[in-house]
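# Structure at a glance
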Amino acid sequence: MEYTQLGRTGLKVGRLVLGTMNFGPQTDEATSHAIMDTALDAGLNFFDTANVYGQSAGKGRTEEIIGSWFAQDPSHRDRVVLATKMYGNMTEGGPAWPNHDKLSAVNIRRAVEGSLRRLGTDRIDVYQFHHVDRLTPFEEIWQAVDVLIQQGKILYAGSSNFPGYKIAQANEAAARRGMVGLVSEQCHYNLFERRAEMEVIPAAREYGLGVIPWSPLAGGLLGGVVRRTAEGGRRAGGRTPGRLADPTVRARVAAYEDLLDRHGLDPGETALAWLLTRPGVTGPIIGPRTPEQLTSALRALELRLGEEVLTALDEIFPGPGPAPEAFAW
């Protein structure tokens, strides 16, 4: 396993991040435990979750599954860099209470205590804000985070789905308090969706945040879906069929698959390997539903893409270019 620093911190994490969103809704507890066992045996040490994950199985269910895995072997906890997220309302059934979501100091305190209880741990290594809160000032957010760090309940803070200017605001506010600030940003980033290259990733690099792309296969779009469907394999789910109904999208995805077929490359593994070549990227989040999917993702770590392939990928999926040149002279 190859390790790297998480942004400007001294924390060492693997180049792939184990995402756990499927644990509970799509993957039962025993299989989820098997996936985490395989990941840890392979050297993956960075596990990501969120307090709302579990959805149909119940909000918080995913954290509970991770907690039960820790309970089976407490040594797992010290080998894992554990990250979770908060923002969404955790109310189950009935109306949502007004202070049970977003980033107020009240909800940050409530959310962290709930996650610690479900995860069965005394600390969260990277505590992440799942979305921006336009109404809560960063001074209040950092005051709440400072208390939690002093209490030893969290060690670092990270963001998810933040625009570039919010990354700047957050870390400037933290600097005024003498705090480290955000150390990571989880953003929507893959070959098909490259808008993060315009401002989010440059801001993250400027402030020393590790970039953790989510949806690295574009919801399955980059996993070989056109050829698999044509060969009568498992049909794509989610938004992918609707997106492929667009002739332009389908043509680009088909060109992608044809390119990789000529080079003997697997589409899903290539999409992950491409992200590993991007400046500022710590590691993409993989969300396996089965141990076999995890094994496939791990092969991306050994894949080295040549310049010919990288150039062709840019031609099929061109990026937006940097700001402000992408929208100005």
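This section reports on the structure supplied with the text. Bear in mind that the values here come from a model prediction, so they are computed numbers and not experimental data.

With that settled, the discussion passes to the sheet that holds strand S4 (residues 46-48). Pairing in this open sheet of eight strands is parallel, and the strands run S9-S8-S7-S6-S5-S4-S3-S10 from one edge to the other. Whereas interior strands pair on both sides, the edge strands pair on one side only; in this sheet they are strand S9 (210-214) and strand S10 (285-286). The pairing of S4 with strand S5 (residues 81-86) spans three bridges and is classified as parallel. Its bridge partner being in S5, phenylalanine 47 is matched across the sheet by leucine 82. Its contacts with the sheet place helix H4 (residues 105-119) against S5, strand S6 (124-129) and strand S7 (154-160), and it is angled at close to 135 degrees to S6.

Among the structural elements, serine 104 can be located in the loop between S5 and H4. The exposure class of serine 104 is buried, given its relative accessible area of 16%.

With that settled, consider the pattern of salt bridges. In the structure shown here, the tally under the stated rule is 19 salt bridges. Between glutamate 197 and arginine 194 there is a salt bridge, with the nearest N and O atoms lying 2.9 Å from each other. Side by side, glutamate 197 and arginine 194 carry an identical accessibility label, which is buried. The structure contains a network of salt bridges with shared partners spanning Arg77, Asp78, Asp122, Arg123 and Asp125.

Thresholds, definitions, all that
- Residues numbered from 1 in each chain as written.
- Predicted model: local features only at pLDDT ≥ 70, side-chain atom pairs only at ≥ 80, totals over all residues.
- Heavy atoms only, no water.
- Pairing = 2+ DSSP bridges.
- Helix = DSSP H or I, 4+ residues; strand = E, 2+ residues; numbered from the N terminus.
- Contact = heavy atoms within 4.5 Å.
- Axes fitted to C-alpha atoms, helices over the stretch in contact; angles between N-to-C directions.
- Buried < 20%, exposed > 50% of the residue type's maximum accessible area, 1.4 Å probe, protein only.
- Salt bridge = Lys/Arg side-chain N within 4 Å of Asp/Glu carboxyl O.

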